[in-house]
Amino acid sequence: LIRFNGNADSLQTISDYASTIAANVAADDAFGVRSSRVQSTIDLNPSIAGNTPLASLNRGDGIRNGAISLSDGVEVIQLDLTSAYNVSDVTEALSSVQLSGRELQVTLDNNGINIEYADGLGGLLRVSEVGSGNMANDLQINNVQTAGLSPVVGGDLDPIATSTTPLNRLFDGVGLGSGSFSIEQGEESYIVSTVGLTTVEDLVNRIKLSGASVEAGLDSTGRYFSLQSTESG
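Now for a look at the structure at hand. Note on numbering: residues in each chain are counted from 1, in written sequence order. Per-residue local features are limited, in this predicted model, to residues with pLDDT of at least 70; the limit for side-chain atom pairs, both in listing and counting, is 80 or more; totals at the level of whole chains, interfaces and linings are taken over all residues. To obtain the side-chain values, all non-hydrogen atoms of the structure were included, while hydrogens and water were left out.

## Comments concerning the sheet that holds strand E8 (residues 102–108)
Our working rule: The pairing criterion for strands is at least two bridges between them, as found by DSSP. The numbering of helices and of strands both runs from the N terminus, where a helix is a DSSP run of H or I of at least 4 residues and a strand a run of E of at least 2. What makes two residues a contact is simply this: any of their non-hydrogen atoms within 4.5 Å. Structural elements are reduced to axes, namely lines fitted to C-alpha atoms, with helices fitted over the stretch in contact, and the angle between N-to-C directions of any two is expressed from 0 to 180 degrees.
An order of E7-E8-E9-E11 is seen for the four strands of this open sheet, with the pairing classed as antiparallel. The open sheet has two free edges, formed respectively by strand E7 (98–99) and strand E11 (152–153), since each of these has just one partner strand. Taken together, the five bridges between E8 and strand E9 (residues 113–117) define a ladder with antiparallel strand orientation. Within E9, the position partnered with Thr 107 by the bridge is Asn 114. Relative to E8, helix H2 (residues 87–95) is tilted by about 160 degrees, and along the sheet it contacts E8 and E9.

## Observations regarding the sheet that holds strand E15 (residues 225–229)
Overall, antiparallel pairing links the three strands, which are arranged E4-E15-E14 in an open sheet. Of all strands in the sheet, those with a lone pairing partner are strand E4 (38–39) and strand E14 (214–218), marking the two edges. Taken together, the five bridges between E14 and E15 define a ladder with antiparallel strand orientation. By the bridge assignment for E15, Gly 217 is matched with Ser 226.

## Considering the pattern of salt bridges
Using the following cut-off: Basic side-chain nitrogens of Lys or Arg form a salt bridge, by our definition, when they fall within 4 Å of a carboxyl oxygen of Asp or Glu. Note on exposure labels: buried denotes an accessible area under 20% of the residue type's maximum, exposed denotes more than 50%, and partly exposed covers the range between, all computed with a 1.4 Å probe on protein chains only.
Tallied over the entire structure, the rule returns four salt bridges. The shortest N-O distance in the salt bridge between Arg 59 and Asp 158 comes to 2.8 Å. Placement of Arg 59 in the loop between E4 and strand E5 (67–71) and of Asp 158 in the loop between E11 and strand E12 (180–185) is noted, with a sequence separation of 99 residues between them. The exposure class assigned to Arg 59 is partly exposed, which follows from its relative accessible area of 46%. Overall, the relative accessible area of 16% leaves Asp 158 in the buried class. Among the ionic pairs, Asp 138 bridges to Arg 64, the shortest N-O distance being 2.9 Å. With Asp 138 in helix H3 (residues 135–138) and Arg 64 in the loop between E4 and E5, this residue pair connects regions lying 74 residues apart in the sequence.

## Overview of the environment of Ser 47
With respect to the helices and strands, the residue Ser 47 is situated in the loop between E4 and E5. Given a relative accessible area of 4%, Ser 47 falls into the buried group. Between the C-alpha atoms of Ser 47 and Arg 169, which are 122 residues apart in sequence, the distance is 5.3 Å. For Ser 47, the residues in contact, after removing those within four places along its chain, are Thr 52, Asn 110, Pro 159, Arg 169, Asp 172 and Gly 173.

Such coordinate-based values are descriptive only and should not be taken to indicate function.
Written out as structure tokens, the structure reads:
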């Protein structure tokens with residue numbers, strides 16, 4: 001049995017101006033002591049919340065910050081959202097808008113942003129880009145290709161998971177239930193309980209403390225969970 005206790009980092013040396021190359025072969029590449037990765041086939045698909053960073057939306061492509069235009073057909077307001085960091089920054093800015101004296105009500109569902117007149121009445125409510133911007137499109141609330149009426153039901157913003165994503169927001173808000181699972185390595189079995197965990201990072205840490213010789217975490221896309229044994233043999 002061989003156990004890998006190092007990391008896969010490479011030592012970089014300068015090869016040219018602003019350019020580096022690896023100066024070593026990582027132990028994992030040299031000896032091949034880690035197993036193939038076991039990756040989930042189920043998208044973690046977290047629901048959005050106010051503290052969801054805009055950079056994690058649209059499968060990690062994020063939002064191209066800029067300004068958006070709102071109109072009731074009489075009044076046009078351009079809303080500057082260039083400094084918005086998370087979803088709350090956007091919803092709070094939208095909620096501050098009044099069109100011809102009518103306030104807007106902005107809500108979130110599991111997938112996106114919804115906008116309507118706070119008085120509950122219908123009417124024209126058009127959301128569009130300012131100039132050559134893309135923010136309304138990226139926020140999935142650009143409705144110029146429709147009748148442009150209230151309410152504006154936003155599309156799926158499809159955020160990725162991060163280490164701080166709450167477990168109860170995974171799987172479109174269904175969440176990861178409390179229970180346990182086992183990791184089998186050779187003749188050993190390691191039980192991992194999810195009871196009392198709050199975030200993805202909590203789950204990763206619980207797996208590390210289980211005694212299993214594995215690396216755990218999100219894959220590079222932030223959409224799947226993966227495990228990799230650090231033992232070979």
